[in-house]
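# Coordinate inspection notes
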Amino acid sequence: MDSNDALRAIKYIEKLRGLKVFGEVTTPIESLLKPQHISVMDLSGLSDHVADYIAYKILSEVYSQREQGKYKYPVFILIEEAHRFIPKKENTLSKRIVKRIAAEGRKFGVFLILVTQRPQKIDQDVLSQCNSQIIMRMTNPEDQKAVRNSAEQVSEELLKDLPGLNVGEAVIVGEMTKMPVMVKIRERKTKEGGADIDVVALLTAAREDASKEDPAKRAEQVRSEINDLIDLGGEGG
């Protein structure tokens, strides 16, 4: 190893330390791969480059387990916010392994499910490898175009209907069905963890809290503010 190799190794180690995701205890990939078992990796709140590295390591090890026959059961990988990990214009670590899984994963029993609200931002090569698509309400023309380019069964007439879909309605196309089918997805039975905050309810609560404020304390605060204004006026004169 020459000095250049040593320098690159040092820089790589420093980069890994900068991610601040390593500790004294690790989770072996075998603990994530169990029959009839779902492993959820919550990467919310992490910066993009940290989440990217973690996704890359997990997906690479899972794929390696199946490719080498170390794990005998099929594995289904679901990637939420997929446009963060396989963007169209940027090169990420996880993008490499996801593209490999999308192209070759089926023959090794590794199947890919992508979830996104912005299909236009996903690498087109990966999007075109999706054999089936479940399409919900979509109004952005660029997102519609990306879906149209990735699925032969998506016609122009179908695209025109997407903005009119109601909450919970979806169109299924691809190998999952012989022809495009519209479905109504049932309401979830588990607690929603990633929904938007209820702004109206919070503002109502804030108004109620404000109305409960001690009148005497508020009056004293107003008098203090008035006195401050008087003092400032006197100084100006």
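Residues numbered from 1 in each chain as written. Predicted model: local features only at pLDDT ≥ 70, side-chain atom pairs only at ≥ 80, totals over all residues. Heavy atoms only, no water.

## Topic: unusual backbone geometry
Although it is not a glycine, Q36 adopts a positive phi angle of roughly 55°. Residue placement: Q36 occurs in the loop between α1 (3-19) and α2 (48-67). The phi angle at E81 is positive, at roughly 50°, despite the residue not being glycine. Tracing the backbone through its elements, the reader meets E81 in the loop between β1 (75-79) and α3 (82-85). (Helix = DSSP H or I, 4+ residues; strand = E, 2+ residues; numbered from the N terminus.)

## Some remarks on the side chain of S94
Considering the arrangement of structural elements, one finds S94 in helix α4 (residues 93-104). In terms of polar contacts, S94 uses its side chain to reach the side chain of D52, at 2.5 Å. Contact partners of S94, with chain neighbours within four places excluded, come to D52, A55, Y56 and F85. (Polar contact = N/O pair within 3.5 Å; in protein donor to acceptor, adjacent residues only side chain to side chain. Contact = heavy atoms within 4.5 Å.)

## A closer look at a nonpolar patch on the surface
A contiguous nonpolar surface patch, about 400 Å² in accessible area, is contributed by F76, L78, F111 and I113. Contributions of two or more residues to the nonpolar patch are made by β1 and β2 (110-114). Mapping F111 onto the fold places it in strand β2. Since its relative accessible area comes to 30%, F111 is described here as partly exposed. (Patch = residues over 30% accessible without salt bridge, like charges linked within 9 Å, V, L, I, M, F, W, Y side chains within 5 Å. Areas by Shrake-Rupley, 256 points an atom, 1.4 Å probe, with all protein chains shown as cover. Salt bridge = Lys/Arg side-chain N within 4 Å of Asp/Glu carboxyl O. Buried < 20%, exposed > 50% of the residue type's maximum accessible area, 1.4 Å probe, protein only.)

## Re the side chain of E169
By the element assignment, E169 lies in strand β4 (residues 169-174). Only 2.9 Å separates the side chain of E169 from the backbone nitrogen of N166, close enough to count as a polar contact. Not counting chain neighbours up to four residues away, the residues in contact with E169 comprise I135, M136, R137, V183 and K184.

## Comments concerning the pattern of salt bridges
Overall, the coordinates contain 9 salt bridges when judged by the stated rule. Among the salt bridges present, the one from R100 reaches E67, with a minimum N-O distance of 2.9 Å. Separated by 33 residues along the polypeptide, R100 in helix α4 and E67 in helix α2 bring together distant segments of the chain. According to the relative accessible area criterion, R100 is partly exposed, its value standing at 38%. A salt bridge links D143 to R118; the nearest nitrogen and oxygen atoms lie 3.1 Å apart. In this pair, D143 is assigned in helix α6 (residues 141-150) and R118 in the loop between β2 and α5 (124-128), connecting sequence segments 25 residues apart. For D143, a relative accessible area of 3% gives the class buried. Take R118: its relative accessible area is 26%, and that puts it in the partly exposed class.

## A short note on α2
Counted at 1.5 Å a residue, the expected span for α2 with its 20 residues is 28 Å, and the 28 Å between its end C-alpha atoms agrees. Among the residues making up α2, those that are buried are V50, A51, D52, Y53, I54, A55, L59, V62, Y63, Q65 and R66. Following α2 by one or two positions, G69 has its phi on the positive side, about 75°. (Expected span 1.5 Å × (residues − 1).)

## Some remarks on the confidence of the model for the protein
Put simply, the protein has an average pLDDT of 84, and 89% of its residues get 70 or more. Looking across the protein, the model is least confident in helix α9 (residues 215-236), with a mean pLDDT of 68, and most confident in β1, with 95. (pLDDT = per-residue confidence, 0-100.)

## Some thoughts on the sheet that holds β4
Pairing in this open sheet of 3 strands is antiparallel, and the strands run β3-β4-β5 from one edge to the other. On the outer flanks of this sheet lie β3 (132-135) and β5 (181-184), each paired with one strand and no other. Sheet twist, expressed as the mean angle between neighbouring strand axes with direction ignored, is 25°. The pairing of β3 with β4 spans 4 bridges and is classified as antiparallel. Across the sheet, Q133 pairs through a bridge with V173, a residue of β4. (Pairing = 2+ DSSP bridges. Axes fitted to C-alpha atoms, helices over the stretch in contact; angles between N-to-C directions.)

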